[in-house]
Amino acid sequence: VRRRLKAKRMDQSAAVDVTDAVRRIEAAAASIPIHVARRPGPAAAEVLARAYEKATAGTSTWYRTGKRAVHQPQLERFVGELTHYLDNVTAIVELGAGKGLLGRVLQDVSAISRGDRGALPLVAIEQRECPTYDSREHDVTRLNGTSVAQGFVLDDKIPHGALVIAKHFCGNASDEAVRLILASERVALAALAPCCHPAMQWDAFCAREAKGPLGALLTEAHFPVLLDLIALSRHGRGGSSGRDCKRWESLQALGADSCYRAGRAARVVLEAARLQQLAAAGFSTALVE
C-alpha cells in the first residue's frame with residue numbers, strides 16, 4: 001500500500017517543475033514569521049523536571065531514561081511557552097493523550113503557577129483503550145476509546161475557556177484537531193505540535209482552500225512535492241543519501257543539504273496554511289519553533 005501511495009504521489013507531481021516548486025516553497029517559507037518558544041526560567045525548569053519524574057513514575061525504564069533526552073526538552077519548551085497563558089484558561093484538554101504525559105506535566109505546573117486556585121482540570125482524550133494516569137491528585141476526566149474523527153463534538157466534553165493541546169498528533173490528525181477547534185465555541189487557546197507530515201493525505205488536509213501565495217502552492221499537484229521533500233529532508237540532513245533520493249531523480253539533483261532546507265520550508269508552508277484557517281475564524285495565531 002505504501003508503495004502504491006508513493007507511486008500515486010509521483011504520478012501526481014510529474015507535471016510539476018520541481019526546481020520551480022522548491023524555489024517557491026522556500027520563498028513562501030522565508031516570508032512567514034516564526035517565533036522561538038520561550039525557555040522556562042530556572043525555577044520553572046526545576047518544576048518541569050519534577051513533574052516529568054512524577055508523570056513517568058511506573059513507566060518503563062526506556063521511557064524514563066532512553067526517551068528522556070528527546071521528550072523532556074520538547075516538554076520544557078512546549079510547557080514553558082504555555083505557562084504564560086495558564087491564568088486565562090479554565091481547563092487543559094489533551095487530544096491523542098496516550099498516557100497523558102504532556103497534560104499531566106502541564107497540570108502539575110499549573111498547580112504552582114495558579115497558587116491558591118489550584119491545578120487546572122485535565123480532560124484527556126485518547127482513541128485507544130490504554131491506561132492513562134492516576135486521577136487521585138487532580139481533576140482528570142479520562143475519555144479512552146474516543147475517536148476525534150468519528151462524529152466527535154469537542155464542546156460536549158469541555159468547559160468554556162479551555163486550552164486544547166496535542167503533541168505529536170500525527171499526519172492528518174492535526175487537521176482534524178483544527179476542524180474540532182473551528183467547530184468549538186469553548187476553546188480559548190490551542191497549541192498543536194504536528195508531526196509525520198509525509199503520512200498526510202490531500203483529501204483530509206484542512207487547508208485545501210488556503211488563500212494568497214500559500215494557496216498557489218497548496219494544490220493537489222504540489223501537495224505530493226511538499227510531502228516528499230519533508231520525507232527526504234529527514235534523511236538528507238545527515239548527509240545520507242543518494243539512495244533515498246533515487247525514487248525521484250529531480251530531487252536527487254538537489255543534494256542532501258538542499259533537500260533538508262526545502263523540507264523544513266515545506267513544513268513551514270503546511271503549518272502556516274493550517275494557521276491561516278484558524279486566523280480566518282478570529283484566532284490570533286503564531287508559528288512557534
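Scoring rules and cut-offs
Residues numbered from 1 in each chain as written. Predicted model: local features only at pLDDT ≥ 70, side-chain atom pairs only at ≥ 80, totals over all residues. Heavy atoms only, no water. pLDDT = per-residue confidence, 0-100. Helix = DSSP H or I, 4+ residues; strand = E, 2+ residues; numbered from the N terminus. Contact = heavy atoms within 4.5 Å. Polar contact = N/O pair within 3.5 Å; in protein donor to acceptor, adjacent residues only side chain to side chain. Buried < 20%, exposed > 50% of the residue type's maximum accessible area, 1.4 Å probe, protein only. Expected span 1.5 Å × (residues − 1). Arc of directions from axis to C-beta. Core = buried A, V, L, I, M, F, W, Y, C linked by side-chain atoms within 4.5 Å. Pairing = 2+ DSSP bridges. Right-handed = clockwise from strand over helix to strand, strands pointing away.

Residue-level account of the confidence of the model for the chain, with values.
Of the residues in the chain, 77% reach a pLDDT of 70 or more, and the chain-wide mean stands at 80. Element-level mean pLDDT values for the chain span from 40 in helix α10 (residues 242-245) up to 94 in strand β5 (residues 187-195). Scored below 50 in pLDDT, residues 1-5 shows 1 contact in the model against residues more than four places distant or in partner chains. Confidence drops under pLDDT 50 across residues 131-137; counting only partners more than four residues distant or on other chains, this segment forms 16 contacts.

Talk me through the side chain of S233; I want residue IDs and the actual numbers.
Relative to the helices and strands, S233 is located in helix α9 (residues 223-236). Engagement of the side chain of S233 in a polar contact is seen with the backbone oxygen of I230, the distance being 2.7 Å. Polar contacts involving the side chain of S233 include one to the side chain of R267, which spans 3.4 Å. Residue contacts for S233: discarding those within four places in its chain leaves C259, Y260, G263 and R267.

Would you mind going over unusual backbone geometry in detail, with residue names and values included?
If a residue is not glycine, its phi is most likely negative; likewise, a peptide bond is most likely trans. Not every positive phi belongs to a glycine, and H168 is a case in point at roughly 60°. You can see H168 is positioned in strand β4 (residues 162-170). Phi is positive for C196, close to 55°, though the residue is something other than glycine. In this structure, C196 sits in the loop between β5 and α8 (212-217). Assessed through its relative accessible area of 39%, C196 is described here as partly exposed.

Tell me what's going on with helix α5 (residues 68-82), and back it up with residues and numbers.
Residue pairs spaced three or four apart in an α-helix point in one direction, given the helix's 3.6 residues per turn. End to end, α5 covers 20 Å across 15 residues, agreeing with the expected 21 Å (1.5 Å per residue, within 8%). Within the span of α5, buried status applies to H71, Q72, L75, F78, V79, G80, E81 and L82.

Could you give an account of the environment of M200, naming the residues involved and the relevant values?
Along the polypeptide, M200 turns up in the loop between β5 and α8. Given the relative accessible area of 1%, M200 is considered buried. Taking C-alpha positions, M200 is 7.7 Å from L227, a pair spaced 27 residues apart along the chain.

An account of helix α2 (residues 18-30) is requested, with residue identities and associated values reported.
Its 13 residues give α2 an end-to-end C-alpha distance of 18 Å, which sits within 8% of 18 Å, the value for a rise of 1.5 Å per residue. Three or more residues of α2 are buried, namely V18, A21, V22, I25, A28 and A29. Looking down the long axis of α2, one finds its buried residues gathered within 130° of arc, a one-sided arrangement. Residues of α2 that are exposed and point more than 90 degrees away from the buried face comprise T19 and A30. The N-cap of α2, judged by a side-chain oxygen 3.2 Å from the amide nitrogen of T19 a few residues on, is D17.

Can you explain the nonpolar core? Please cite residues and give values.
Residues V93, L95, L154, F205, L218, V269 and L270 are the most contacted members of the largest nonpolar core, which totals 50 residues. Mapped by element, the contributors of at least two residues to this core are α2, β1 (91-95), β2 (122-126), β4, α7 (173-183), α8, α9 and α12 (256-280). Ranked by residues supplied to this core, first place goes to α12 with 10 residues. Setting aside residues up to four positions removed in sequence, L218 forms contacts with W202, F205, A207, R208, A210, L226, V269, L270 and A273. The next biggest cluster of nonpolar side chains, apart from the first, holds 24 residues, and it includes Y52, A55, L101 and A193.

For the pairing of β1, give the residues involved together with the corresponding values.
Counting buried residues along β1, 5 of its 5 residues qualify, which places the element largely inside the surrounding structure. Every second residue of β1 is oriented toward a common face, with A91, V93 and L95 on one face and I92 and E94 on the other, all of them buried. As judged from the 4 bridges shared by β1 and β4, these two strands associate in the parallel manner. Paired with E94 across the bridge in β4 is I165. Here β1 pairs with β2 via 4 bridges, running parallel. Across the sheet, E94 pairs through a bridge with A124, a residue of β2. In this region the chain leaves β1, passes through helix α6 (residues 101-113) and returns to the parallel neighbour β2; the handedness of that crossover is right-handed.

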